[in-house]
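Structural description and commentary
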Amino acid sequence: MELQLESIRKVVGGQVYLYEMSLALKPGLNVLLGPTTAGKTTLMRLMAGLEQPTSGRILLDGQDVTRLPVKKRNVAFVYQQFINYPNLTVFENIASPLRIRGGLSKTALRERVEATARMMRIHDLLDRLPAALSGGQQQRTAIARALVKETGLLLMDEPLVNLDYKLREELRIEMQNIFDSRDAIVVYSTTEPVEALMLGGTVFVLDQGRLLQSGPVLEVYHHPDTQRVGEIFSDPPMNLLDARLEEGQLRLADGQRFPATSHMAGLLPGAYRIGVRPNHVTTAPTGPSSVAVPGVVELAEISGSETFLHTATAPGPDGSPGKLVAQLEGVHRFELGQPTTLYMDPDQLYLFDMEGKLAAAPERIWEEAV
Amino acid sequence: MEKTKNNRAWFLVLPVVISVSFSAIIPLMTVVNYSVQDIFGPGQRVWVGKEWYVDAVRDADLHAALLRNLLFSFEALLIEIPLGVFLALRMPAKGKWASLALVLIALPLLIPWNVVGTIWQIFGRADIGLGGYFLNSTLGIPYNYTLNARDAWYTILVMDIWHWTPLVALLAYAGLRAIPDAYYWAARIDAASNWAIFRFIQLPKLRGVLLIAVLLRFMDSFMIYTEPFVVTGGGPGNATTFLSIFLSKLAVGQFDLGPAAAFSLIYFLLIQVFSYIFFTTIRNIGRGDTA
């Protein structure tokens, strides 16, 4: 089974929702990653048949299904809102797609519903109405409703975004197991790079209605084609520093230089933008070649067991304020306004040209991804 | 822990206490006062105890008016609620037509009640009224709301439907717009029919606003006064004498303040009881909704 979208485009009232793009989806997990208004939901609605593309074709196993109404397609959709029929019990909610389709005996239907409910661990709640469930249970019911149909295409539009952190982790792991056990094309959209990395599979990075890059998740993560992909696929966003490459040396805004070695060797001289992930910025030098960037503490956010340290560094050549964010393991205290020096390792720097295209990427270090 | 005593908080409640006293408690107590006395004139009154209440409860005319009013409210609700929901479902959801439809549908609500009565009084006349003339001369159906009790009844009913269905439609329209689009997408993915969408998504989601619509329409139709007063004055005979018309005839027409006061209190109680029954029953139907 394969879903192909051939040079599809979506324009609504003169506004471009999706610029022309082509993508092929294979059984397994396909993650659509992008910020809001990237076009993820529109793309999924096209895949489901809820909307028709302005131009282009959608092929399912080579068969054109572009104009096939959603009723005749075999798809399931889970939304970020918890969508269940409000006055039907959990059992009836899960059974509803099967009942509409028909052709199942009473006992077979009951078995299917119960098996799915057990898989989503809501089999004790079958008699309840959705309003009597917690948010997590409501979404489990909605997911069960999507799974019970056993469709070839399962679309999940940010299904976990309205749940709290713990539930999200729990459900994500369970769903991963369910996806693995099925031979369906699963399309999962998210705004969070971490979620994409955890889920794995193939990732499609979208931004402002454009498909920027696609491929295996780790590949895209380690080798972003453009600065924008690097920004989207990094949370907190990738740090970007202006630099000039002259005589084999990179010069930062504050005037300090360091040799452009290893993966950065052999580049043409000129203006570049250095990209460095916050988790690669440290408070102590990691080696003899570490580059020291002096700055002033602007903000220290504590997130879980990590601290995000924001510093103001030397302004760029155009006078724009310089910024460097470090993602530090553990909870640390910093005084605002306190001068501090952060370090980055030249081996972990990305270089983008001024058009935002990748010029050099560090050697891949596979084990540090997740 | 030591508690500080400070009764000055009372002053904050005082404005409300004073305004509610003047707007509700004092007038109501005046009515209570009247209901246990026979008023002959200023300074001339006799204590009669519960006599007016007993009279009111036994009054055959009052029974008839009560039944008439219940039947009227029942018929009005039976037609206005489904019709209002139907209109709301048919109204465009967005675009310039939506605004136009909203304005058109809300128009009857903007007309003062006695003007509504006047409009229909003229509209129904066989000689100069568009509706009355059409029925009598064009269709050949004898129609005269001043002579025929049935015609009068239907005139008042149709007028009420014309006047108040828009309220139900607006409430239902607002309720429908509050349903997230994802529900409709989900239903389409499930290949649900339009009827199933209405039955399993729209209707349950509308329960909250429909409860309010039913309550408002019941209370208003149970207290209907101005429109029938203008059109028929309660006639012909007693055919359109609803409770409030009956009451005003008693109080203003015959100046029987005592019986009118006693009956007012019973009337007040009836509305409360019916509203409570409606409220609790509808709230308990299909309690699965969070909206």
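Residues numbered from 1 in each chain as written. Chains lettered and ligands numbered in written order. Predicted model: local features only at pLDDT ≥ 70, side-chain atom pairs only at ≥ 80, totals over all residues. Heavy atoms only, no water.

This brings us to the overall build of chain A. Within chain A one finds eight helices and 21 strands. Projected onto its principal axes, the C-alpha coordinates of chain A cover approximately 75 × 45 × 35 Å. Partitioning the contacts of chain A with sequence separation of at least 6, the portion at a separation of at least 24 is 67%. Surface accessibility of chain A: about 16,700 Å² in total, with carbon and sulfur atoms responsible for 49%. Of note, chain A has its 36 positive side-chain charges centred 10 Å away from the centre of its 44 negative side-chain charges. (Helix = DSSP H or I, 4+ residues; strand = E, 2+ residues; numbered from the N terminus. Contact = heavy atoms within 4.5 Å. Areas by Shrake-Rupley, 256 points an atom, 1.4 Å probe, with all protein chains shown as cover. Lys, Arg positive; Asp, Glu negative; His and termini not counted. Charge placed at Lys NZ, Arg CZ, Asp CG, Glu CD.)

The next thing to look at is the overall build of chain B. When you go through chain B residue by residue, the secondary structure sums to twelve helices and two strands. For 291 residues, the compact-globule estimate of 2.2 N^0.38 gives 19 Å, and the C-alpha radius of gyration of chain B, at 24 Å, exceeds that figure by more than 25%. Along the first, second and third principal axes, the C-alpha set of chain B runs to 85 × 75 × 30 Å. The buried share of chain B, taken over its 291 residues, is 41%. If you take every contact in chain B between residues at least 6 apart in sequence, the share linking residues at least 24 apart comes to 67%. When the accessible area of chain B is evaluated, it comes to approximately 16,500 Å², of which 69% is carbon and sulfur surface. Distance between charge centres in chain B, computed from 21 positive and 17 negative side chains, equals 11 Å. (Rg over C-alpha atoms; globule rule 2.2 N^0.38 Å. Buried < 20%, exposed > 50% of the residue type's maximum accessible area, 1.4 Å probe, protein only.)

Turning our attention to the packing of helix H2 (residues 51-58) of chain B against helix H3 (residues 60-90) of chain B. Residues and elements named next belong to chain B. Orientation of H2 relative to H3, taken along the N-to-C sense of each, is 60°, at an axis distance of 5 Å. Classified by the angle between their axes, H2 and H3 sit oblique to one another. Contacts between H2 and H3 pair Ala56, Val57 and Arg58 from the former with Ala60, Leu62 and His63 from the latter. By residue class, the composition of the contact of H2 with H3 is four nonpolar, one polar and one charged. (Axes fitted to C-alpha atoms, helices over the stretch in contact; angles between N-to-C directions. Parallel < 35°, antiparallel > 145°, perpendicular 65-115°, else oblique. Nonpolar A, V, L, I, M, F, W, Y, C, P; charged D, E, K, R; others polar.)

Our next topic: the packing of aromatic side chains. Per the counting criterion, the structure on display carries 21 aromatic pairs over all chains. A centroid spacing of 5.7 Å and a plane angle of 85° characterise the contact between Trp113 of chain B and Trp164 of chain B, whose relative ring orientation is edge-to-face. Separated by 51 residues along the polypeptide, Trp113 of chain B in helix H5 (residues 113-123) and Trp164 of chain B in helix H7 (residues 149-177) bring together distant segments of the chain. A residue is classified by how much of its surface remains accessible, and Trp164 of chain B, at 11% relative accessible area, is buried. Following the ring pairs from residue to residue traces out a cluster consisting of Phe218, Phe222, Phe246, Phe263, Tyr267, Phe274 and Phe278 of chain B. Of note, Arg277 of chain A hangs over the ring of Tyr221 of chain A, and the distance from its end group to the ring centre comes to 3.8 Å. (Phe/Tyr/Trp six-rings, centres within 6.5 Å; stacked < 30°, edge-to-face > 60°. Lys NZ or Arg CZ within 6 Å of the ring centre and 35° of its normal.)

Right, let's get into the side chain of Thr155 of chain B. Here Thr155 of chain B lies in helix H7. Setting aside its immediate chain neighbours within four residues, Thr155 of chain B contacts Trp120, Tyr143, Tyr145 and Val231 of chain B.

Our focus in this paragraph is unusual backbone geometry. For the peptide bond that leads from Asp235 of chain A to Pro236 of chain A, omega is 0°, which places it in the cis range. If you trace the backbone, Pro236 of chain A turns up in the loop between helix H8 (227-232) and strand S11 (239-246).

Residues and elements named next belong to chain B. If you check H7, its first and last C-alpha atoms are 42 Å apart, about what 29 residues at 1.5 Å a residue would give, namely 42 Å. The sharpest bend along H7 reaches about 35° and sits at Trp164, with the proline Pro166 one to four residues further on. The backbone nitrogen of Arg150 has a side-chain oxygen 2.7 Å away, supplied by the residue at the start of H7, namely Asn148. (Expected span 1.5 Å × (residues − 1). Bend = angle between axes of the 7 residues up to and from the residue. Polar contact = N/O pair within 3.5 Å; in protein donor to acceptor, adjacent residues only side chain to side chain.)

Here we take up the domain arrangement of chain A. All names here are of chain A. Domain parsing of chain A yields domain 1 (3-228) and domain 2 (238-363). Here domain 1 and domain 2 have C-alpha centroids that lie 38 Å from each other. Each partner contributes to the interface: domain 1 provides seven residues, whereas domain 2 provides ten residues. The largest share of the area that domain 1 buries against domain 2 comes from Tyr221, Pro224 and Gln227, three residues that together contribute 68% of it. For the pair domain 1 and domain 2, the number of links is five residue pairs in polar contact (both at pLDDT 80 or more). In the side of domain 1 that touches domain 2, the residues fall into two nonpolar, four polar and one charged. (Domains from an automatic or database assignment. Buried area = accessible area lost by both parts, 1.4 Å probe.)

Burial of nonpolar side chains together is a common tendency in soluble globular proteins. One finds Leu5, Leu25, Leu43, Met47 and Val187 of chain A to be the most contacted residues of the largest nonpolar core, which totals 75 residues. Per element, the largest residue contribution to this core is twelve residues, and it comes from helix H9 (residues 194-222) of chain B. Leave out the neighbours within four places in its chain, and Leu43 of chain A touches Leu5, Ile8, Leu18, Met21, Leu23, Leu32 and Leu206 of chain A. (Core = buried A, V, L, I, M, F, W, Y, C linked by side-chain atoms within 4.5 Å.)

On the side of chain A, 25 residues touch chain B, which itself brings 20 residues to the contact. Of the roughly 2,000 Å² buried between chain B and chain A, counting both surfaces, carbon and sulfur atoms make up 65%. Considering only the surface of chain B that becomes buried against chain A, Trp185, Ile189 and Asp190 of chain B emerge as the three largest contributors, covering 33% of it. Run the count over chain B and chain A and you get two salt bridges. Across the pair Arg145 of chain A and Asp190 of chain B runs a salt bridge whose closest N-O atoms are separated by 3.4 Å. Within the residue set of the side of chain B that touches chain A, elements represented by two or more residues are helix H8 (181-189) and H9 of chain B. Residues of the side of chain B that touches chain A, tallied by class, amount to twelve nonpolar, two polar and six charged. (Salt bridge = Lys/Arg side-chain N within 4 Å of Asp/Glu carboxyl O.)

Moving on, we get to the pattern of salt bridges. With the rule as written, the count across this model stands at 27 salt bridges over all chains. With its nearest N and O atoms 4.0 Å apart, the salt bridge here joins Glu170 of chain A to Arg121 of chain A. Linking Glu170 of chain A in helix H5 (residues 165-180) with Arg121 of chain A in the loop between helix H3 (106-119) and helix H4 (135-147), this pair joins segments that are 49 residues apart in sequence. Look at Glu170 of chain A and you get partly exposed, because its relative accessible area is 36%. Here Asp220 of chain B ties to Arg217 of chain B by a salt bridge, and the two come within 3.7 Å at their closest N and O atoms. Of the two residues, Asp220 of chain B and Arg217 of chain B are both situated in helix H9; the distance of three residues between them amounts to about one turn of the helix. The exposure class assigned to Asp220 of chain B is partly exposed, which follows from its relative accessible area of 24%. Residues joined by salt bridges that share partners form a network here, namely Arg121, Arg140, Glu170 and Glu174 of chain A.

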